[in-house]
Amino acid sequence: MAAPLVLDFDHSVGTLAGATRLDLAQWQERIRFGSTLRTFRGFVGELQPRLPRDYGTVLLGSGDYHHLSWPLIQWRAAQGPLEVVVFDNHPDNMRFPWGIHCGSWVRRVAALPGVSRVHVLGISSGDVGLAHAWENHLAPLWRGRLEYWTVGVDVGWMRRAGLARASHAFDTPAALLDAFGERQRAATTPVYLSIDKDVLSADVARTNWDQGRFAEADLARGIGLLAGRLVGSDITGEVSQYRYRTWWKRRLSALDEQPVIDAGELAQWQAQQHALNLRLLAYIEAALQPRAAERWRSR
């Protein structure tokens, strides 16, 4: 497995042996949470020449940077067709009128010509409930380019809207993974994996966002279901503290109820996150090993 790459906006990712770390703190205000497309493309244009020729899992920092998965996936998809599997408590397919942000990037990935389908697994957020249905981009769902896999959320509106094939609702993570595993059993398309750790229960690791119902064992199992097909991966969902200078970012962050975190708690939570990252990297590496697919799918 190639060495990890850390895109270090917020200094939330702990030291990883052999990792390449790019200091991007000067971009934090402009990129964190969201930006105009012009600003985002300017950043991506500066980032790409700085990337190592070969790199493994990319660690993005806080979930406020999950929109960086878009260019990472675009670069991988240019090398050959793939599917994208996202573990996330949110669909990240929401409307955002000012450009791109951490909750709106999935629509753009689903539109990439090299991406056949995006699966978002583990959603337990109300973002996919009836009250927020209008905020979701429906086109990629209708076109079969995007599927939601939810836990404990009423998504009956999707069936009534003709989106039954894009909606998979379950009562437990185990049931979700059973069904997803059946779908993956005969699949051969290469996969890009994106993990937002807010898919996990807060008992596992704390993030900046409301959190889902997966245990660590559920996430490990989900990674294993992709064994033998992974061609790229990223991890986000670190916990970090930042006060925006931009007024609209302060306002939207407040609406999303991102908590103010005590300094002592922050250090403790980041240590917990670091230990989890080491285990997640090990799960991903195990899924890249020869015959790993057979081992996981026989469980």
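Structure: see above.
All values reported here derive from a predicted model rather than from experimental measurement. (Residues numbered from 1 in each chain as written. Predicted model: local features only at pLDDT ≥ 70, side-chain atom pairs only at ≥ 80, totals over all residues. Heavy atoms only, no water.)

**Q** Looking at this structure, how should I read the overall build of the chain?
**A** Along the chain, the regular secondary structure elements total 11 helices and 11 strands. For the chain, the spread of C-alpha atoms along the three principal axes comes to 45 × 45 × 40 Å. Expressed as a percentage of the 299 residues in the chain, the buried residues total 58%. Looking at the chain alone, contacts between residues at least 24 apart form 75% of all its contacts between residues at least 6 apart. If you sum the accessible surface of the chain, you get close to 12,900 Å²; carbon and sulfur atoms cover 51% of it. (Helix = DSSP H or I, 4+ residues; strand = E, 2+ residues; numbered from the N terminus. Buried < 20%, exposed > 50% of the residue type's maximum accessible area, 1.4 Å probe, protein only. Contact = heavy atoms within 4.5 Å. Areas by Shrake-Rupley, 256 points an atom, 1.4 Å probe, with all protein chains shown as cover.)

**Q** Quick question: what am I supposed to make of the side chain of Glu29 here?
**A** Its place among the elements puts Glu29 in helix α1 (residues 28–31). One buried charged residue, Glu29, remains without a salt bridge, the closest side chain of opposite sign being Arg245 at 4.2 Å. A distance of 3.1 Å separates a polar atom in the side chain of Glu29 from the backbone nitrogen of Arg245. The contacts of Glu29, once residues within four sequence positions are left out, are Tyr242, Arg243, Tyr244, Arg245, Thr246 and Lys249. (Lys, Arg positive; Asp, Glu negative; His and termini not counted. Salt bridge = Lys/Arg side-chain N within 4 Å of Asp/Glu carboxyl O. Polar contact = N/O pair within 3.5 Å; in protein donor to acceptor, adjacent residues only side chain to side chain.)

**Q** Honestly, the packing of helix α8 (residues 216–224) against helix α10 (residues 263–288) in this entry has me stumped. Any pointers?
**A** What describes two packed helices is the angle between their axes and the distance between those same axes. Look at α8 against α10: their axes get within 9 Å of each other, and the N-to-C directions meet at 25°. In terms of orientation, α8 and α10 fall into the roughly parallel class. Here α8 and α10 pass one another in a crossing that is right-handed. Two secondary-structure elements touch here, α8 through Glu216, Leu219, Ala220 and Ile223 and α10 through Leu276, Arg279, Leu280, Tyr283, Ile284 and Ala287. (Axes fitted to C-alpha atoms, helices over the stretch in contact; angles between N-to-C directions. Parallel < 35°, antiparallel > 145°, perpendicular 65-115°, else oblique. Left-handed = near helix turned anticlockwise from the far one by under 90°.)

**Q** Teacher, can you tell me more about the side chain of Glu238 here?
**A** Here Glu238 is to be found in the loop between β11 (230–236) and α9 (247–255). Only 3.1 Å separates the side chain of Glu238 from the side chain of Asn277, close enough to count as a polar contact.

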